[in-house]
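Chain residues, written in single-letter form:
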Amino acid sequence: MSPPSRPVPLRSWWQRLTLVGALLALHGWALAQGVALQVLNAERVEDGLAVSFSTRFELPRQAEEALLKGVAIYFVAEIQVLRNRWYWRDARVAQASRTWRLTWQPLTRQYRVSTGGLHQSFDTLGEAISSLRGVSGWRVAETKDIEDDGRYYLEFSYKLDTAQLPRPMQIGLGGSQGWALSVDRNLTLTLEAPSTPPPNRPQP
């Protein structure tokens, strides 16, 4: 006859809870895939909805090596603005995307970042990466899209877009950790009227 089982000491349960917490933290980091989202906020402005975000990450070694060999690296931010509907699937009222193209210029020995028809050159990779880690005041929806008093939220994603790499490089790439850089987040919107400056008072 086997001896009766002994109760698990409280310390063991605490250790298990600590381990679960650590695993959950690792799971959250895995979902973020190497990108820390430091800032994500949205505010109502006169002509619609503006979003600002900031991320923190380092370019993987494999991506840096490809960059120095003349391969362009693309980063993409995508936003969808949705309206909650209890009776049906949530309605998408607006969407926006922004792409950054990072290249190495061997003749000038500079890094170049291109986005929306604008181009900037940088002496170091760190400076170039810093320029594409976030954006401020990005208008993603028009006033007519969010003019009622509905409940809205936005779906945000930011990633190193391996789908824009040359086709031969995509073969066998899959979910390689060497190229995995992405983060996804949802944000509930609290839409308030944009603030207006007080009227000028007449001088006495």
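About the thresholds
- For every chain, the first residue of the written sequence is number 1, and numbering continues from 1 onward in sequence order.
- With the structure being a predicted model, the display of local features is reserved for residues of pLDDT at least 70 and the display and counting of side-chain atom pairs for 80 or more, all residues being used for whole-chain, interface and lining totals.
- Heavy atoms from the whole structure form the basis of all side-chain values; hydrogens and water molecules are not counted.
- Here a helix means four or more residues in a row that DSSP labels H or I, a strand means two or more in a row labelled E, and each is numbered from the N terminus.
- Summary of the burial criterion: residues with accessible area below 20% of their type's maximum are buried, those above 50% are exposed, and those between are partly exposed, where the area comes from a 1.4 Å probe applied to protein chains only.
- In protein, a polar contact means a hydrogen-donor-capable atom and an acceptor-capable atom, both N or O and within 3.5 Å, with residues adjacent in sequence counting only if both atoms are side-chain atoms; elsewhere, any N or O pair within 3.5 Å suffices.
- Strands qualify as paired when DSSP identifies two bridges or more between them.
- Interaxial angles span 0 to 180 degrees and are taken between N-to-C directions of axes, which are lines fitted to C-alpha atoms, for helices over the stretch in contact.
- Whenever Lys or Arg places a side-chain nitrogen within 4 Å of a carboxyl oxygen from Asp or Glu, that contact is recorded as a salt bridge.
- Should any heavy atoms of two residues lie within 4.5 Å, those residues are counted as being in contact.
- Surface patches are defined over residues having more than 30% relative accessible area and no salt bridge, joining like charges when they lie within 9 Å and nonpolar side chains (Val, Leu, Ile, Met, Phe, Trp, Tyr) when within 5 Å.
- To be clear on the numbers: accessible area is Shrake-Rupley with a 1.4 Å probe, and residue cover counts the displayed protein chains and nothing else.

### Observations regarding the side chain of Ser 114
Examined against the element boundaries, Ser 114 turns out to sit in strand E5 (residues 110-115). Owing to a relative accessible area of 13%, Ser 114 belongs among the buried residues under this scheme. A distance of 2.7 Å separates the side chain of Ser 114 from the side chain of His 119, its partner in a polar contact.

### Examining the sheet that holds strand E7 (residues 134-142)
A sheet is described by the order of its strands in space; here 3 strands give the open sequence E1-E2-E7, paired in antiparallel fashion. This sheet does not close on itself; its edge strands, each paired only once, are strand E1 (36-45) and E7. Neighbouring strand axes in the sheet, compared pairwise and without regard to direction, differ in orientation by 20 degrees on average.

### Describing the pattern of salt bridges
On inspection of all chains with the given rule, the structure shows 5 salt bridges. Measuring nitrogen to oxygen at the nearest pair gives 3.5 Å for the salt bridge that ties Asp 47 to Arg 139. Residue Asp 47 is found in the loop between E1 and strand E2 (48-56), and its partner Arg 139 is found in strand E7; the two are separated by 92 residues along the sequence. Owing to a relative accessible area of 41%, Arg 139 belongs among the partly exposed residues under this scheme. Across the salt bridge formed by Asp 145 and Lys 144, the nearest N and O atoms sit 3.2 Å from each other.

### Details of the pairing of strand E8 (residues 152-160)
With respect to burial, E8 is a largely interior element, 7 of its 9 residues being buried. Taken together, the 9 bridges between strand E3 (residues 73-83) and E8 define a ladder with antiparallel strand orientation. When the sheet's bridge partners are listed, Val 76 is paired in E8 with Lys 159. Bridge count between E8 and strand E9 (residues 182-188): 7 bridges; the pairing is antiparallel. Residue pairing for E9: Glu 155 is matched across the bridge by Asn 186.

### Describing the side chain of Thr 55
Within the element layout of this structure, Thr 55 appears in strand E2. Under the relative-accessibility criterion, Thr 55 is labelled buried at 3%. Only 2.7 Å separates the side chain of Thr 55 from the backbone oxygen of Arg 133, close enough to count as a polar contact. Residues contacting Thr 55, with those up to four places away along its chain left out, are Val 35, Ala 36, Leu 37, Gln 38, Arg 133 and Tyr 158.

### So, the sheet that holds E5
Pairing in this open sheet of 6 strands is antiparallel, and the strands run E6-E5-E4-E3-E8-E9 from one edge to the other. Every other strand in the sheet has two partners, leaving strand E6 (118-122) and E9 as the edge strands with one partner each. Pairs of neighbouring strands in the sheet enclose a mean axial angle of 15 degrees, with direction left out of account. Across the sheet, helix H2 (residues 61-68) touches E3, strand E4 (91-105), E5 and E8, and the angle it forms with E4 is around 60 degrees.

### Re a nonpolar patch on the surface
A grouping of Trp 86, Tyr 87 and Trp 88 is seen on the molecular surface, where their side chains present a nonpolar patch of about 550 Å² in accessible area. Within the fold, Trp 88 resides in the loop between E3 and E4. Among the residues examined, Trp 88 registers a relative accessible area of 63% and is labelled exposed.

By themselves these figures say nothing about function.
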